[in-house]
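A look at the structure
In case you want the letters, here they are:
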Amino acid sequence: MQIENAAAVITGGASGLGAAVARVFRAKGAQVVLFDRDAGRGEALAIEIGAVFCAVDVTDAASVAAGIAVAKAAMGRISVLVNCAGIATGARVVGRDGPHDLALFQRTIDINLVGSFNCLRLVAAEMAGNAPEDGERGVVINTASVAAFDGQKGQAAYAASKGGIVGMVLPAARDLAALGVRVCAIAPGVFLTPMLEALGAEIQDSLATDVCFPKRLGRPEEFAALAGFIVECGYLNGEVIRLDGALRMR
């Protein structure tokens, strides 16, 4: 599938990795609809790049269904879904204040894992009605993390949510094969998103010390470039790709 022919929905599209994907896809000619809870940023970015914004809570089935209706009205179809919506949380299983807050664990799983599956299942059902392009009707890209493989202290909830993303890729690809829909995931390392930019250069340099090469944080546009490659490489399916400069977390 060629990017310029794509009709893409990007969750978490108002900022960070999702915004980078939106910018790159639009620059290459794709139609783009942004799903996010941050209406201010989402609407501003949509105006800037010539996309459409829809306020969506990925954990809510009715909200996602309404967003899909907006996307189909704007683009006529949905051929690509890039799931970037997510949160990063940190808490030890047992810390100074006692056991890990269960609500925090559940919220992390709900947004990162359940939210991704909710969008995947509903968008894939819409993709099933697309006319095939080179035999395929759609591509889904989920966002995992290196924490799924080597999560650090305090990352039990986050690593579990991203481990679920990793475990979901192959069975989802197998389930959707008959419909002509491919499913992959990207597992990024430490990327220079707005959250890390706010921490300052000293902390950024510290986070980059364990990266093998190149000795720096990942750039969101590199994540976007890989997402674009996945869309255009029709034989890539059921795979989780680490994008981390050979980083292995301590």
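The structure reproduced in this document is the subject of the present report. Small disclaimer: the values here were computed from a predicted structure and weren't measured.

Re the packing of helix H1 (residues 16–27) against helix H9 (residues 220–232)
Running from amino to carboxyl end, H1 crosses H9 at an angle of 60°, the nearest separation of the two axes being 8 Å. Considered as vectors, H1 and H9 are oriented oblique to each other. Our pair here, H1 against H9, has a crossing hand that is right-handed. Every residue of H9 that contacts H1 at Gly-16, Leu-17, Ala-20, Val-21, Val-24 and Phe-25 is listed here: Pro-220, Glu-221, Phe-223, Ala-224, Ala-227, Gly-228 and Val-231.

Looking at the sheet that holds strand S3 (residues 52–55)
Through backbone hydrogen bonds, the strands of a sheet pair up, either in parallel or in antiparallel fashion. Pairing in this open sheet of seven strands is parallel, and the strands run S3-S2-S1-S4-S7-S8-S9 from one edge to the other. Edge positions in the sheet fall to S3 and strand S9 (240–243), since each of these pairs with one other strand and no more. Across the sheet, the axes of successive neighbouring strands diverge by a mean angle of 20°, strand direction being ignored. Helix H3 (residues 61–75) contacts strand S1 (7–11), strand S2 (31–36) and S3 of the sheet and is inclined by roughly 160° relative to S2. Running at roughly 180° to strand S4 (residues 80–83), helix H4 (residues 102–127) makes contact with S1, S4, strand S7 (138–143) and strand S8 (181–188) of the sheet.

Concerning the environment of Gln-152
Note on placement: Gln-152 falls in the loop between helix H5 (147–150) and helix H6 (156–176). With a relative accessible area of 32%, Gln-152 lands in the partly exposed category. Remark: the alpha-carbon pair of Gln-152 and Ala-178, spanning 26 residues in sequence, is separated by 38 Å. Setting aside its immediate chain neighbours within four residues, Gln-152 contacts Met-249 and Arg-250.

A short note on the environment of Asp-205
Tracing the chain through its elements places Asp-205 in helix H8 (residues 201–208). Taking the C-alpha atoms as reference points, Asp-205 and Lys-215, ten residues apart in sequence, are found 8.9 Å from one another.

Description of helix H2 (residues 39–49)
Of the positions making up H2, those classed as buried are Gly-42, Leu-45, Ala-46 and Ile-49. Down the axis of H2, the buried side of the element spans an arc of 100°, and every buried residue falls inside it. Facing away from the buried side of H2, by more than 90 degrees, are the exposed residues Gly-40, Ile-47 and Glu-48. If you follow the buried residues of H2, they end up packed against H1, S2 and S3. For H2, the capping residue at the N-terminal end is Asp-38, with a side-chain oxygen 3.3 Å from the backbone nitrogen of Gly-40. Positioned one or two residues after H2, Gly-50 has a phi angle of 80°, which is positive.

As for the packing of H1 against H2
The geometry of a pair of packed helices is captured by two quantities: the angle between their axes and the separation between those axes. The contact between H1 and H2 brings their axes to 10 Å, and the two run at 15°. With respect to H2, the element H1 is oriented roughly parallel. Note that H1 runs across H2; the crossing there is right-handed. Where H1 abuts H2, its residues Ala-19, Ala-22, Arg-23 and Arg-26 lie against Leu-45, Glu-48 and Ile-49. Of the residues belonging to the contact of H1 with H2, the class tally is four nonpolar, no polar and three charged.

Side note on the environment of Glu-232
Position of Glu-232 among the secondary structure elements: in helix H9. With relative accessibility at 34%, the residue Glu-232 sits in the partly exposed group. Placed 46 residues apart in sequence, Glu-232 and Ile-186 show a C-alpha to C-alpha distance of 15 Å. In contact with Glu-232, other than residues within four places in its own chain, are Met-1, Gln-2, Ile-3 and Glu-4.

Overview of the pattern of salt bridges
The full count for this structure, using the stated rule, is eight salt bridges. When the shortest N-O distance is used, the salt bridge between Glu-126 and Lys-72 registers 2.9 Å. Within this pair, whereas Glu-126 is found in helix H4, its partner Lys-72 is found in helix H3, the two being separated by 54 residues in sequence.

Some thoughts on the pairing of S1
Most of S1 sits inside the fold, with five of its five residues counted as buried. Along S1, one buried face is formed by Ala-7, Val-9 and Thr-11 and the opposite face, lined by Ala-8 and Ile-10, is buried too. Bridging between S1 and S2 involves five bridges; their strand directions are parallel. Paired with Val-9 across the strands is Val-33, a residue of S2. At this point the chain moves from S1, through H1, to the parallel S2, and the crossover so formed is right-handed. Inspection of the sheet shows S1 paired to S4 by four bridges, in the parallel sense. Residue Ile-10 lies in a different strand from S4, and its bridge partner there is Val-82.

Conventions used here
Position numbers for residues count from 1 along each chain, tracking the sequence in the order it is written. Local features in this predicted model are restricted to residues whose pLDDT is 70 or higher, and side-chain atom pairs enter the listing and the counts only when it is 80 or higher, whereas totals over whole chains, interfaces and linings include all residues. Side-chain numbers here rest on the full set of heavy atoms in the structure, without hydrogens or water. Where helices are involved, their axes are fitted lines through C-alpha atoms of the stretch in contact, as for all axes, and angles between N-to-C directions lie from 0 to 180°. Helix and strand labels come from DSSP, where a helix needs a run of H or I of at least four residues and a strand needs a run of E of at least two; each type is numbered from the N terminus. What sets the label is the angle itself: under 35 degrees gives roughly parallel, over 145 gives roughly antiparallel, 65 to 115 gives roughly perpendicular, and the rest give oblique. Crossing chirality is assigned from the near helix's rotation relative to the far helix, an anticlockwise turn below a right angle marking it left-handed and a clockwise turn marking it right-handed. Any two residues whose heavy atoms approach within 4.5 Å are treated as being in contact. A pair of strands counts as paired when DSSP detects no fewer than two bridges linking them. Accessibility here uses a 1.4 Å probe with only protein chains present; expressed as a share of the type maximum, an area under 20% marks a residue as buried, one over 50% as exposed, and anything in between as partly exposed. Here, the arc refers to the directions that run from the helix axis to the C-beta atoms. Polar contact is defined as a pair of N or O atoms within 3.5 Å, subject to the rule that within protein one atom must be able to donate a hydrogen and the other to accept it, and that residues adjacent in sequence are counted only when both atoms are side-chain atoms. Only Asp, Glu, Lys and Arg are considered charged in this grouping, and only Ala, Val, Leu, Ile, Met, Phe, Trp, Tyr, Cys and Pro are considered nonpolar; every other residue, Gly among them, is considered polar. One speaks of a salt bridge when a side-chain nitrogen belonging to Lys or Arg is within 4 Å of a carboxyl oxygen belonging to Asp or Glu. Clockwise travel from the first strand over the helix to the second, with the strands pointing away from the viewer, marks a crossover as right-handed.

By themselves, these are just geometric observations and shouldn't be taken as functional.
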